[in-house]
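Coordinate inspection notes
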Amino acid sequence: MRLFALDATREFGERMAAALGVDLDAHEERVFEDGEHKARPLVSVRDRDCYVVQSLHAGPDDPASEKLVRLLFFAATLRDHGARRVTAVIPYMAYARKDRRTKPRDPVTSRYAAQLIEAAGIDAVVTLETHNVAAWDNAFRIPAVHLVPHDLFAEPARAFAGDAPLAVVSPDPGGVKRAQLLREHLEAKLGREIGSAWLEKRRSAGVVSGSQLAGDVAGAAAILIDDIVSTGGTMVRAAETLKEAGATRVAAFAAHGLFIDGARPLFESPHIERVAVTDTVPLFRLDAAAAERVETIPAAPLFADAVRRLHAGGSISELLAR
Ligand SMILES: Nc1ncnc2c1ncn2[C@@H]1O[C@H](COP(=O)(O)O)[C@@H](O)[C@H]1O
Ligand SMILES: O=P(O)(O)OC[C@H]1O[C@H](OP(=O)(O)OP(=O)(O)O)[C@H](O)[C@@H]1O
């Protein structure tokens with residue numbers, strides 16, 4: 001096996017390598033004077049099963065599209081030099097939110113990103129909790145592994161709720177299945193019944209509307225679960241509605257913490273007691289006080305386990321059933 005982490009995702013790659021008990025394989029990334037770049041492996045990849053780690057969130061130094069292009073070019077380079085298989089390990093998948101047309105003549109960018117990945121000669125992809133699982137599954141013809149963070153959230157959920165009644169809530173209709181699966185996982189893990197609810201939400205031209213709540217959260221500690229926290233607006237709106245409906249406390253859990261502009265509304269909200277995300281996106285947009293309030297759960301061991309199984313022909317379904 002060869003395990004590479006591109007420079008922008010070096011730290012996450014190192015955490016994966018540590019979980020796998022290996023060192024990252026060496027590569028070189030150079031930027032030319034005009035801003036163009038090249039990357040090459042510094043070890044032979046002939047007949048090797050290669051894994052390339054690159055998280056496609058924007059910032060702190062490069063936009064998402066730059067990181068995507070670097071991943072594509074490096075994967076193509078590995079193929080050119082005889083790699084037997086190339087798997088892209090993408091902790092945070094960019095452009096996943098543009099999974100459908102919402103305006104006339106809109107793009108479906110999530111599918112175009114998948115087409116580019118396939119065109120670069122990548123044989124398989126692995127990501128964590130993308131925006132729309134159906135869109136992810138349908139965009140690729142190559143094996144596309146979708147990991148979920150349910151087990152990563154079990155201990156934070158237990159610590160948050162204690163013995164109080166607990167409800168798992170989706171802040172929008174698109175996340176109902178995600179919340180349902182987390183709730184089922186937590187019921188099995190915590191050994192007790194957990195309630196559910198979901199909220200109405202519509203985003204158009206940058207404006208978010210809708211606030212109806214389906215489900216009963218009165219007297220319960222509520223965990224909001226989402227794929228991403230971006231500005232934090234979705235979580236704040238949902239937390240207000242839950243408190244009005246009688247939830248005693250609210251926590252905001254998401255797989256990916258983008259925390260755009262420091263997500264100030266989230267950290268200033270009197271309604272959100274706890275924030276938990278995985279480490280697929282570093283907290284570079286948060287000041288020290290906000291970062292202190294975030295519980296960051298390592299996802300690298302989960303990715304390492306997935307890579308171990310992919311390399312050995314093991315079961316990903318078993319991994320996700322834990
Ligand atoms: N990066 C994105 N930020 C905000 N909204 C996004 C992003 N990517 C896709 N979307 C989706 O676009 C529509 C809203 O866009 P309109 O042009 O106003 O229809 C909404 O479904 C977002 O999820
Ligand atoms: O922190 P925020 O800035 O509120 O952004 C985060 C929200 O944005 C995404 O949904 P989006 O509204 O784009 O999805 P949809 O239109 O597909 O429901 C995501 O699933 C979160 O719910």
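Preceding this section is the structure that the text describes.
Residues numbered from 1 in each chain as written. Chains lettered and ligands numbered in written order. Predicted model: local features only at pLDDT ≥ 70, side-chain atom pairs only at ≥ 80, totals over all residues. Heavy atoms only, no water.

1. Observations regarding the side chain of His150
Within the element layout of this structure, His150 appears in the loop between strand 7 (144-147) and helix 5 (154-161). By relative accessible area, which is 10% here, His150 ends up buried. Those residues in contact with His150 that lie beyond four places of it in its chain are Arg178, Leu181, Leu182 and His185. (Helix = DSSP H or I, 4+ residues; strand = E, 2+ residues; numbered from the N terminus. Buried < 20%, exposed > 50% of the residue type's maximum accessible area, 1.4 Å probe, protein only. Contact = heavy atoms within 4.5 Å.)

2. Overview of helix 1 (residues 10-20)
Three- or four-residue spacings in an α-helix give side chains the same orientation, since the helix completes a turn every 3.6 residues. If you check which residues of helix 1 are buried, you get Phe12, Gly13, Met16, Ala17 and Leu20. Projected down its long axis, helix 1 carries its buried residues within an arc of 140 degrees, all on one side. Pointing more than 90 degrees away from the buried face of helix 1 are the exposed residues Glu11 and Ala18. Lining the buried residues of helix 1 we find strand 1 (2-5), strand 4 (49-53), strand 5 (85-90) and helix 10 (300-312). (Arc of directions from axis to C-beta.)

3. A look at the site of ligand 2
Taken together, 15 residues sit near ligand 2, with Arg203, Asp226, Asp227, Thr231 and Thr234 positioned nearest. In the model, an oxygen atom of ligand 2 is placed 2.6 Å from a nitrogen or oxygen of the Asp226 side chain. Here an oxygen atom of ligand 2 sits 2.6 Å away from a polar atom, N or O, in the side chain of Thr231. Taken together, the elements giving at least two residues each to the shell around ligand 2 come down to strand 13 (221-229) and helix 7 (233-244). Among the elements that make up the shell around ligand 2, the one with the highest residue count is strand 13 (four residues). Of the residues contributing to the shell around ligand 2, the split by class is two nonpolar, six polar and seven charged. (Near = heavy atom within 4 Å. Polar contact = N/O pair within 3.5 Å; in protein donor to acceptor, adjacent residues only side chain to side chain. Nonpolar A, V, L, I, M, F, W, Y, C, P; charged D, E, K, R; others polar.)

4. Focus on the packing of aromatic side chains
Tallying each qualifying case throughout the model produces five aromatic pairs. Judged by centre distance (4.7 Å) and plane angle (65 degrees), the rings of Trp136 and Phe140 are edge-to-face. Looking at Arg249, its charged tip hangs above the ring of Phe160, at a distance of 4.4 Å from the centre. (Phe/Tyr/Trp six-rings, centres within 6.5 Å; stacked < 30°, edge-to-face > 60°. Lys NZ or Arg CZ within 6 Å of the ring centre and 35° of its normal.)

5. Comments concerning the sheet that holds strand 6 (residues 124-128)
Sheet strands associate in pairs through backbone hydrogen bonding, adopting either a parallel or an antiparallel arrangement. As summarised here, the arrangement of the five strands in space is 1-4-5-6-7, forming an open sheet in which the pairing is parallel. Taken across any chain shown, the strands that pair with only one partner, and hence form the sheet edges, are strand 1 and strand 7. Shown here is a sheet whose adjacent strand axes are inclined to one another by a mean of 15 degrees, direction ignored. Pairing geometry for strand 4 and strand 5, over five bridges, is parallel. (Pairing = 2+ DSSP bridges. Axes fitted to C-alpha atoms, helices over the stretch in contact; angles between N-to-C directions.)

Spatial relationships are all this shows, so hold off on functional conclusions.
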